[in-house]
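# Working through the structure, step by step
The primary structure of each chain is shown beneath.
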Amino acid sequence: MLQGRFTSALSGALIVVTLTSCSPSGASDRGPARSGTAGASGIGDADFPTDGNGGYDVGHYTLALGYDPASRRLAGTTTIDATATENLSSFNLDLRGFTVDAVTVGGRSAPFSRSGDEMTVTADLRKGVPFQAVVTYQGEPQPVRDSSNLGSYGFIPTKDGSFVTAEPNGAKTWFPSNDHPADKATYDFRLTVPDGVTAIANGELQGRPASSGGKTTFVWRETHPMASYLATMTTGNFLVKTGTSEAGTPVYAAVDPRYQGQLTRLYELSGRITDYWSTIFGPYPFKSTGGVIDDYASGYALENQTKPIYGGFEPDEGIISHELAHQWFGDSVSISRWKDLWLNEGFATYAEWLWSEHQGQGTVQQIFDRHYRNAEDPIWNYPPGVAQKNDLFNNSVYTRGAMALHALRTQVGDQTFFTIIRRWAADHQYGNATTEQFTALAEQLSGQKLGELFGQWLFDKGRPTTLG
Ligand code: ARG
Ligand code: ZN
């Protein structure tokens, strides 16, 4: 699903396509019409030019995949239900590694070629017309291993299964996709693993896992639009606890046996913090909540939709509150381009500070002041509203992004501030949004000109003097 501003940014390009394609509308009814153009190999994010693809909008993915931890072999099909947004002669999918055995479009075999992490599928598609592509593939997943910056991410084989965390562009390491958060979609997962292994995905389990011939199939469904980097297929030996939070949201918690002592704590904290955030940010946007602790030492956590994952450590309340706040900010309201990442990380970090204060520990003001006092902090050299593509998750996006929100709160007052935050979550629920939309909303609801404040906190180098 393409949303809002991002779609309108593409409309200039659509006009060009319309002018250069001479076919009358409805040509698809009269047999092959070779009037479309090749879909772009990137969705149009200037900082990540080959991420995602142009010319179509995915509505739904159906992933029917088997994984065998012993051989590290992933095999199956990805079915993509999409709509062309231009007349196309071909379109691209992002896929890294694997052997592709077949591609069909509309039930017919379609020629394809591969180059790096791009796959090009030849098909005549009409603007506005839905189509279904099915990709059959197999092989050993090749996660991205970035030694300088992002660490390892994507589909990471572990000793008993897989640890799947794909931010920013690692969905392509396990399924062919439009791998960029600007194109969100709903998901069905049919995950087959050896008996005794648990397969965890987003959303809710559909019925009891069924076993046959030594293998068990887990069916999961995420009915709310999701960015590709939030999709997961985490497998292995897990202890699972399910139930319902006090406010009535289903909770699914799973831990590797090494973290057995954490299961009840993770389950309870995840439910309690989800309930608390609903009182601050507005209704919880998804049908279930939870968390997963695996024993793979990723060095980070990820806010996988409905099921944040913690890689090889006992998460403290700060990080659990951070990942659960992302369910509103990042997962439900998603960015359309990576330079707006502070809208995810600044908000989730601010939530950590709110949780600290709520717990009777350091107040938000104390935490803000401590960071502000540190004149030597490198965050003053990195404005958070500008993508550092070689250091995407830099501390400024987190800490200075959170400080920008506190400066706003100080400027507009508590009541207006929390109204802005709730309106942000409500207005863009399940969609995509930009920094410009956030600053415009803040100005609208406060009735104040905030250009100087946001300029200093988000876009300018140096330590801001506008403290709100
Ligand atoms: N969004 C995650 C967080 O909440 C960070 C993800 C980092 N990704 C990576 N490949 N290192 O902090
Ligand atoms: Zn985060």
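This write-up is about the structure you can find in this document. These figures come from a predicted structure and were not determined experimentally. (Residues numbered from 1 in each chain as written. Chains lettered and ligands numbered in written order. Predicted model: local features only at pLDDT ≥ 70, side-chain atom pairs only at ≥ 80, totals over all residues. Heavy atoms only, no water.)

### Here we look at the pairing of strand E3 (residues 73-84)
Definition in use: Whether two strands pair depends on DSSP finding at least two bridges between them. A run of H or I in DSSP becomes a helix once it reaches four residues, and a run of E becomes a strand once it reaches two; helices and strands are each numbered from the N terminus.
Here strand E2 (residues 56-68) pairs with E3 via twelve bridges, running antiparallel. What sits directly across from Val58, in E3, is Ala82. Counting the residues between successive antiparallel strands, the hairpin from E2 to E3 contains four residues, one of them, Arg72, with a positive phi of roughly 60°. Here E3 runs beside strand E9 (residues 130-139); their pairing, made up of ten bridges, is antiparallel. Counterpart to Thr83 in the pairing with E9 is Pro130.

### With respect to the packing of aromatic side chains
Two numbers describe a pair of aromatic rings. These are the distance of the centres and the angle of the planes. Test applied: Paired rings are identified among Phe, Tyr and Trp, the last through its six-membered ring, by centres lying within 6.5 Å, and are further divided according to the angle between planes into stacked (under 30 degrees), edge-to-face (over 60) and tilted (the rest).
Applying the stated rule across the entire model yields 37 aromatic pairs. Taken together, a centroid distance of 5.2 Å and an interplanar angle of 50° make the contact between Phe91 and Phe131 tilted. Linking Phe91 in strand E4 (residues 88-94) with Phe131 in strand E9, this pair joins segments that are 40 residues apart in sequence. Judged by centre distance (5.4 Å) and plane angle (70°), the ring pair of Tyr284 and Trp328 falls under edge-to-face.

### Notes on the sheet that holds strand E19 (residues 239-244)
Stated precisely, the cut-off is as follows: Only heavy atoms enter the contact rule, under which two residues are in contact if any of them lie within 4.5 Å. The axes used here are C-alpha line fits, helices contributing only the stretch in contact, and every angle between their N-to-C directions lies in the interval 0 to 180 degrees.
Ordered in space as E19-E20-E21-E23-E22, the five strands form an open sheet in which the pairing is mixed. With partners counted over all chains shown, the strands left at the sheet margins are E19 and strand E22 (301-302), one partner each. Pairing analysis gives three bridges linking strand E21 (residues 289-294) to strand E23 (residues 309-311), with the strands arranged parallel. The residue of E23 that forms the bridge with Val292 is Ile309. Along the sheet face, helix H2 (residues 263-281) touches E19, strand E20 (250-255), E21 and E23 and points at about 145° away from the line of E20.

### Examining the site of ligand 1
Our working definition: To be near a molecule or strand, a residue needs just one of its heavy atoms within 4 Å of it. N or O atoms within 3.5 Å of each other form a polar contact, as long as, within protein, one can give a hydrogen and the other can take it, and as long as residues adjacent in sequence are counted only when both atoms are side-chain atoms. For accessible areas, the Shrake-Rupley method is used with a probe of radius 1.4 Å. Any residue's cover is judged against the shown protein chains and nothing else.
Close to ligand 1 lie 13 residues, the nearest being Leu150, Glu167, Glu303, Glu345 and Tyr398. Between an oxygen atom of ligand 1 and a side-chain N or O atom of His322, the distance comes to 3.2 Å. Between ligand 1 and Glu345 there is a distance of 2.9 Å, counted from a nitrogen atom to a side-chain nitrogen or oxygen. Taking 350 Å² as the accessible area of ligand 1 by itself, protein coverage stands at 91%.

In short, the description is geometric, and any link to function would need to be established separately.
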